2 protein chains.
Amino acid sequence: MAGRKKNSTYTRNEQYIIDCDLTYAVSRIGGRWKILILDKLDGKKQRFSGLKHELPQITERMLTLQLKALEQDGLVKRTVYAEVPPRVEYELTEMAMELVPIFKQLSRWGGKQRSLVNFIR
Amino acid sequence: MAGRKKNSTYTRNEQYIIDCDLTYAVSRIGGRWKILILDKLDGKKQRFSGLKHELPQITERMLTLQLKALEQDGLVKRTVYAEVPPRVEYELTEMAMELVPIFKQLSRWGGKQRSLVNFIR
DNA sequence: TATGGTACGAACAAATTTGTAAGTAATGGC
DNA sequence: GCCATTACTTACAAATTTGTTCGTACCATA
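The text that follows walks through the structure, step by step, so that each part is easy to find. Only a predicted model underlies this, so the values are computations on that prediction, with no experimental measurement involved.

Okay, the protein's contact with DNA strand C next. Close to DNA strand C lie 28 residues; Thr 9, Asn 13, Glu 60, Arg 78 and Tyr 90 of chain A are nearest. In DNA strand C, atoms within 4 Å of the protein come from the sugar-phosphate backbone in 72% of cases. Arg 78 of chain A places a side-chain nitrogen or oxygen 2.5 Å from a phosphate oxygen of DNA strand C. Here a phosphate oxygen of DNA strand C sits 3.5 Å away from a polar atom, N or O, in the side chain of Thr 11 of chain B. Of all elements in the fold, only helix H1 (9–18), helix H4 (48–54), helix H5 (60–72) and strand S3 (87–92) of chain A together with helix H1 (9–18) and helix H5 (60–72) of chain B reach the threshold of two or more residues within the surface near DNA strand C. Per-element tally for the surface near DNA strand C: the top contributor is H5 of chain A, with 4 residues. Of the residues in the surface near DNA strand C, the class split is 10 nonpolar, 8 polar and 10 charged.

This is the structure:
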């Protein structure tokens, strides 16, 4: 998000796309890791290290970036405890919890679509 | 999709992510244009030029690429008529139509989330 | 004094996605 | 013959996203 060209077609088209509530929504949860992070937070608070543990493939940098974006979008709440070593807890907001049932349906669709495509090929 | 490094972390992580039905689903409809295209096809067949007209910002190249991907994923059916100049019609498949109600919910969520975030800032 | 754990930050590099600008085949009408 | 139309294709360039590697502050504990 930082250091973006302000008038490239690329950026102008992004604006255009975000006009639509649907594509706007997808842009908030898109990218490689966000949905997985939200999923790991479903039902339980987690520390940074806990998330890292549940998502072995993600790098710390990516985890940081995505958590920060999710927080800015009001999907994740971050709580810092003044301890040493530091402790930070992440949890879903109300807004994010409303996504859960939608994700369930999308997931079902994904399973169905995957087997269909595998069948065709 | 063509010309991908086969063993970069980038690609391995993609595999990892696609294990999950949910993130798999999102990967099928992700990207900048796919959802908008599916939306424009909801309820009516469209020609290539028709889609281009409804999405003034998309380039022909992108439209071609996305339609091809959607076709390969079984979300769009392509019909070619042997005429000159050529006529090609696109329409949603059953599988894609099942996304419509999910999209409706996501869209509602998007609207709500957008106003919430705007309110906070 | 040296060490270790936590949650990051910064500089840089790799890989992918998206956009630009041109060109193609086929053929009916002029 | 020449041009216009449609649905693409191709080579190239710009922009973003993702990954790699190192480094930091804090202090309790050894």
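This is not the end of the story, as more comes after the structure.
Note: strand S2 (residues 76–81) of chain A against S3 of chain A, 6 bridges, orientation antiparallel. In the sheet register, Lys 77 of chain A faces S3 of chain A, and the bridge partner there is Glu 91 of chain A.

Quick look at the relation of the copies chain A and chain B now. Under the fitted operation, chain A is carried onto chain B by 0.0 Å of movement along the axis and a turn of 180°, and the coordinates agree to an RMSD of 0.0 Å. The relationship between the two copies is best expressed as a two-fold rotation axis. Take the interface residues of chain A: 100% of them recur as interface residues in chain B, which is what a same-surface contact looks like.

Let us look at the protein's contact with DNA strand D. Of all residues adjacent to DNA strand D, which total 28 residues, the nearest are Thr 9, Asn 13, Glu 60, Arg 78 and Tyr 90 of chain B. In the interface set of DNA strand D, defined as its atoms within 4 Å of the protein, sugar plus phosphate atoms amount to 73%. One of the side-chain N or O atoms of Asn 13 of chain B is found 2.5 Å from a phosphate oxygen in DNA strand D. Elements that contribute at least two residues to the surface near DNA strand D include exactly H1 and H5 of chain A together with H1, helix H4 (48–54), H5 and strand S3 (87–92) of chain B. The dominant element in the surface near DNA strand D, judged by the number of residues it contributes, is H5 of chain B, at 4 residues. The class makeup of the residues in the surface near DNA strand D is 10 nonpolar, 9 polar and 9 charged.

Another aspect to go through is the interface of chain A and chain B. Across the contact, 44 residues belong to chain A and 44 residues belong to chain B. Taking both sides of the interface into account, the surface hidden between chain A and chain B amounts to around 4,500 Å²; carbon and sulfur atoms contribute 65%. Inspection of the region where chain A meets chain B yields 4 salt bridges. A salt bridge links Arg 114 of chain B to Asp 21 of chain A; its shortest N-O distance comes to 2.8 Å. On the surface where chain A and chain B come into contact, there are 17 residue pairs in polar contact (both at pLDDT 80 or more). Put simply, the parts of the chain that give the side of chain A that touches chain B at least two residues each are H1, helix H2 (21–29), helix H3 (34–41) and helix H7 (99–120) of chain A.

Cut-offs applied
- Residues numbered from 1 in each chain as written.
- Chains lettered and ligands numbered in written order.
- Predicted model: local features only at pLDDT ≥ 70, side-chain atom pairs only at ≥ 80, totals over all residues.
- Heavy atoms only, no water.
- Near = heavy atom within 4 Å.
- Polar contact = N/O pair within 3.5 Å; in protein donor to acceptor, adjacent residues only side chain to side chain.
- Helix = DSSP H or I, 4+ residues; strand = E, 2+ residues; numbered from the N terminus.
- Nonpolar A, V, L, I, M, F, W, Y, C, P; charged D, E, K, R; others polar.
- Pairing = 2+ DSSP bridges.
- Least-squares fit on C-alpha atoms with pLDDT ≥ 70 in both.
- Contact = heavy atoms within 4.5 Å.
- Buried area = accessible area lost by both parts, 1.4 Å probe.
- Salt bridge = Lys/Arg side-chain N within 4 Å of Asp/Glu carboxyl O.

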